[in-house]
Amino acid sequence: YWAQAQANVGNWYAQVFYDYNDGGKDDNPTFLYATGLRQVAERSSLQAQLQYSFDMPWLFDSEWTVGWDYNDTMSDSAYTLYGRNDDNDDYVVNGFYGQGTLHMSEKMDLVVAGRYDSVSFISTGEFAPSATLLAPVVFATKALNPSPVL
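Residues numbered from 1 in each chain as written. Predicted model: local features only at pLDDT ≥ 70, side-chain atom pairs only at ≥ 80, totals over all residues. Heavy atoms only, no water.

Enquirer: Explain the pairing of strand S8 (residues 91–105) residue by residue, including any values.
Expert: Bridge analysis of strand S7 (residues 62–76) against S8 gives 11 bridges, and the strand direction is antiparallel. In the sheet register, Gly67 faces S8, and the bridge partner there is Tyr97. Two elements, S8 and strand S9 (residues 108–119), share 12 bridges in a ladder whose sense is antiparallel. Its bridge partner being in S9, Gly98 is matched across the sheet by Gly114. Between the antiparallel neighbours S8 and S9 lie 2 residues. (Pairing = 2+ DSSP bridges. Helix = DSSP H or I, 4+ residues; strand = E, 2+ residues; numbered from the N terminus.)

Pasting the structure below:
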């Protein structure tokens, strides 16, 4: 089964999602096609996002979005998939991000962004920055020998 809820209130956006799969019970088990052996794959996943958008007119008439992502994937295979690591296989990600578009001139924008993610099975988090300068590109084409219209 699964459930999902979303809300938009002003400049805020929120979403939460939950999914559960029993992985096959004794009366209706799942199995590996190659061997026919029974395997258990009970899983659940909880995801949440919270986001806020705002303007900063005093900073190059910029538009900003900041947010948080959360993902917790839990698994129980009754030691049929992960063996001795079955009790230590949860996957939790916390991510924080921000992005801004700065209008540098009438024909040029600067988009800056950054994201920090912390993952449960990695000891340190990672930050990924980004910056892009956007400007229109004009392609001039000229036909050397235009075809006559028939």
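Enquirer: Before we move on, can you summarise the sheet that holds S8 with the specific residues and values?
Expert: Sheet architecture is open: 7 strands sit in the order S1-S2-S6-S7-S8-S9-S10, paired in antiparallel fashion. Each edge of the open sheet is held by one strand with a lone partner, namely strand S1 (2–9) and strand S10 (126–134). Adjacent strand axes in the sheet meet at a mean angle of 10 degrees when their direction is disregarded. Direction of pairing for S1 relative to strand S2 (residues 12–21): antiparallel, over a ladder of 8 bridges. (Axes fitted to C-alpha atoms, helices over the stretch in contact; angles between N-to-C directions.)

Enquirer: Before we move on, can you summarise the side chain of Asp69 with the specific residues and values?
Expert: Along the chain, the position of Asp69 falls in strand S7. Contact partners of Asp69, with chain neighbours within four places excluded, come to Ala48, Gln49, Val93, Asn94, Gly95, Tyr97 and Arg115. (Contact = heavy atoms within 4.5 Å.)

Enquirer: Talk me through the side chain of Thr101; I want residue IDs and the actual numbers.
Expert: Within the secondary structure, Thr101 sits in strand S8. The exposure class of Thr101 is buried, given its relative accessible area of 15%. Residues in contact with Thr101, not counting those within four places in the same chain, are Asp61, Ser62, Glu63, Asp109, Leu110 and Val111. (Buried < 20%, exposed > 50% of the residue type's maximum accessible area, 1.4 Å probe, protein only.)

Enquirer: Describe in detail the packing of aromatic side chains, supporting the description with residues and values.
Expert: Given two aromatic rings, one states the distance between the centres and the angle between the planes to describe the pair. For the structure shown, the criterion picks out 6 aromatic pairs. Their ring planes at 25 degrees and their centres at 5.9 Å tell us that Trp68 and Tyr70 sit as a pair that is stacked. Judged by its relative accessible area of 28%, Trp68 is partly exposed. Grouping aromatic residues by their ring pairs yields a cluster made of Tyr1, Tyr18 and Tyr20. (Phe/Tyr/Trp six-rings, centres within 6.5 Å; stacked < 30°, edge-to-face > 60°.)

Enquirer: So, the sheet that holds strand S3 (residues 24–25): which residues are in play, and what are the values?
Expert: Overall, antiparallel pairing links the 3 strands, which are arranged S3-S4-S5 in an open sheet. Two strands bound the open sheet, and with one partner strand each, they are S3 and strand S5 (38–39). For strand S4 (residues 28–31) and S5, the ladder comprises 2 bridges, and the chain directions are antiparallel. Residue Phe31 lies in a different strand from S5, and its bridge partner there is Arg38.

Enquirer: Please provide a residue-by-residue account of the pairing of S1, values included.
Expert: Burial of S1 is sparse: only 0 of the 8 residues sit out of reach of the surface. Between the end of S1 and the start of S2, which pair antiparallel, lie 2 residues, with Gly10 showing a positive phi angle near 60 degrees.

Enquirer: Outline a nonpolar patch on the surface, listing residues and values.
Expert: Among the surface-exposed residues, Phe60, Met104, Met108 and Leu133 lie close enough to one another that they form a single nonpolar patch of about 360 Å² accessible area. Looking at the secondary structure, you find Phe60 in the loop between strand S6 (42–56) and S7. Look at Phe60 and you get partly exposed, because its relative accessible area is 42%. (Patch = residues over 30% accessible without salt bridge, like charges linked within 9 Å, V, L, I, M, F, W, Y side chains within 5 Å. Areas by Shrake-Rupley, 256 points an atom, 1.4 Å probe, with all protein chains shown as cover. Salt bridge = Lys/Arg side-chain N within 4 Å of Asp/Glu carboxyl O.)

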